[in-house]
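# Overview (structure and organization)
Single-letter residue listing:
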Amino acid sequence: MKNKIIVALVIIASVGLFSCKSKMSQKMKEDFSQLKTDWGLLSTDLSTFGESLKANRDTMAKGYKKFNNKINKSNQDKMAAFKTSSETNSTALANTFKDYDAFQKSFADSTTAFNAWAAKIDTNKTSDKQVKMPIENYKTYLTNSKAKLQQWSSDMANSMDTYQKDIEDAKKIVGAAKDTGDKPKTKSAANKAKTNKNKP
């Protein structure tokens, strides 16, 4: 009787040990881990791109404004192409920013959902069958998102190349634009600057 009890306990312990054994295969564990890593990397890349996009948008707006302000009756015909290009190119970069900004907001919601799903996954209890489809779907989402980011990066680079060419062309017509902040704002300030310059 005692031997039967011991055998029964051994069987129960074996069953319990087996039930605690991981149901997720090593390959699926690796896929799950890589998915979380890739998601984090994309999140960082999107944020970094957004910072560059905003900086370039501000640079472009400031640069175009300087040279558009130098257009007058004597050079308006020569600067017509610059004016048109500045408007077209500014719109193109604005559209890139608009698309990126909209996606970034939706990505934030997707990240919340992804993190909630990932937190529920227990590699010691969740089976391959339970995670295979979600993992594949998230992989597809990441692939498509990376393609969007690559396209935006290309569009931004093209816009900035056009911007640089426009500025160089404008310089040839009206000369380099100087910041008004570099000039004395009043005659008294100008005279003061001249006096200080002449002092030994």
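Everything below is about the structure printed above this text.
Read on for a plain summary of the structure. All values reported here derive from a predicted model rather than from experimental measurement. (Residues numbered from 1 in each chain as written. Predicted model: local features only at pLDDT ≥ 70, side-chain atom pairs only at ≥ 80, totals over all residues. Heavy atoms only, no water.)

### Regarding the overall build of the protein chain
A count of helical and extended segments in the protein chain gives 5 helices and 0 strands. For the protein chain, the α and β elements follow one another from N to C terminus as α-α-α-α-α. Looking at the 200 residues of the protein chain, the share that counts as buried comes to 25%. Considering only contacts within the protein chain whose residues lie at least 6 apart along the sequence, 88% involve residues at least 24 apart. (Helix = DSSP H or I, 4+ residues; strand = E, 2+ residues; numbered from the N terminus. Buried < 20%, exposed > 50% of the residue type's maximum accessible area, 1.4 Å probe, protein only. Contact = heavy atoms within 4.5 Å.)

### Structural notes on the nonpolar core
One finds L46 and W117 to be the most contacted residues of the largest nonpolar core, which totals 35 residues. Elements represented by at least two residues in this core include exactly helix 2 (26-68), helix 3 (80-120) and helix 4 (128-174). The greatest single-element share of this core, amounting to 12 residues, is contributed by helix 4. What L46 contacts, discounting residues up to four positions off in sequence, is Y100, F103, Q104, F107, L149 and W152. (Core = buried A, V, L, I, M, F, W, Y, C linked by side-chain atoms within 4.5 Å.)

### Concerning the pattern of salt bridges
Any two side chains of opposite charge can pair, given that their charged atoms come close. Counted under the stated rule, the structure contains 8 salt bridges. Connected through shared salt-bridge partners, K27, D31, E136 and K139 make up one network. (Salt bridge = Lys/Arg side-chain N within 4 Å of Asp/Glu carboxyl O.)

### A word on the packing of helix 3 against helix 4
Two elements in contact, helix 3 and helix 4, have axes separated by 10 Å at closest approach and are oriented at 160 degrees. Put simply, helix 3 runs roughly antiparallel to helix 4. Between helix 3 and helix 4 lies a crossing whose hand is left-handed. Tallied by class, the residues present in the contact of helix 3 with helix 4 amount to 20 nonpolar, 8 polar and 4 charged. (Axes fitted to C-alpha atoms, helices over the stretch in contact; angles between N-to-C directions. Parallel < 35°, antiparallel > 145°, perpendicular 65-115°, else oblique. Left-handed = near helix turned anticlockwise from the far one by under 90°. Nonpolar A, V, L, I, M, F, W, Y, C, P; charged D, E, K, R; others polar.)

### Quick word on the packing of aromatic side chains
Within this structure, the stated rule accounts for 18 aromatic pairs. Each ring, one from Y64 and one from F82, has its centre 5.7 Å from the other, and the planes form 70 degrees; the classification is edge-to-face. Linking Y64 in helix 2 with F82 in helix 3, this pair joins segments that are 18 residues apart in sequence. With respect to burial, Y64 and F82 carry one shared label: buried. Note on W117 and Y138: the rings are 5.2 Å apart at their centroids and 45 degrees apart in plane angle, and the pair reads as tilted. One end of the pair, W117, is in helix 3; the other, Y138, is in helix 4, and 21 residues separate them in sequence. Here W117 matches Y138 in class, with each residue buried. Taken together, the aromatic side chains of F32, W39, F49, F97, Y100, F103, F107, F114, W117, Y138, Y141 and W152 make up a single cluster linked through ring pairs. Here the basic side chain of R57 rests over the ring of F97, its NZ or CZ set 4.1 Å away from the ring centre. (Phe/Tyr/Trp six-rings, centres within 6.5 Å; stacked < 30°, edge-to-face > 60°. Lys NZ or Arg CZ within 6 Å of the ring centre and 35° of its normal.)

### Details of the packing of helix 2 against helix 4
When two helices pack together, their arrangement is given by the angle between the helix axes and by the axis-to-axis distance. Where helix 2 meets helix 4, the closest approach of the two axes is 9 Å, and the angle between their N-to-C directions is 20 degrees. Between helix 2 and helix 4, the interaxial angle falls into the category roughly parallel. The chirality of how helix 2 crosses helix 4 is left-handed.

### A closer look at the environment of Y141
Position of Y141 among the secondary structure elements: in helix 4. Note on Y141: relative accessible area 24%, which makes it partly exposed. Along the primary structure Y141 and W39 are separated by 102 residues, whereas in three dimensions their C-alpha atoms are 9.9 Å apart. In contact with Y141, other than residues within four places in its own chain, are W39, F103, F107 and S110.

### Some details on the side chain of D31
Tracing the backbone through its elements, the reader meets D31 in helix 2. Setting aside its immediate chain neighbours within four residues, D31 contacts I135 and K139.

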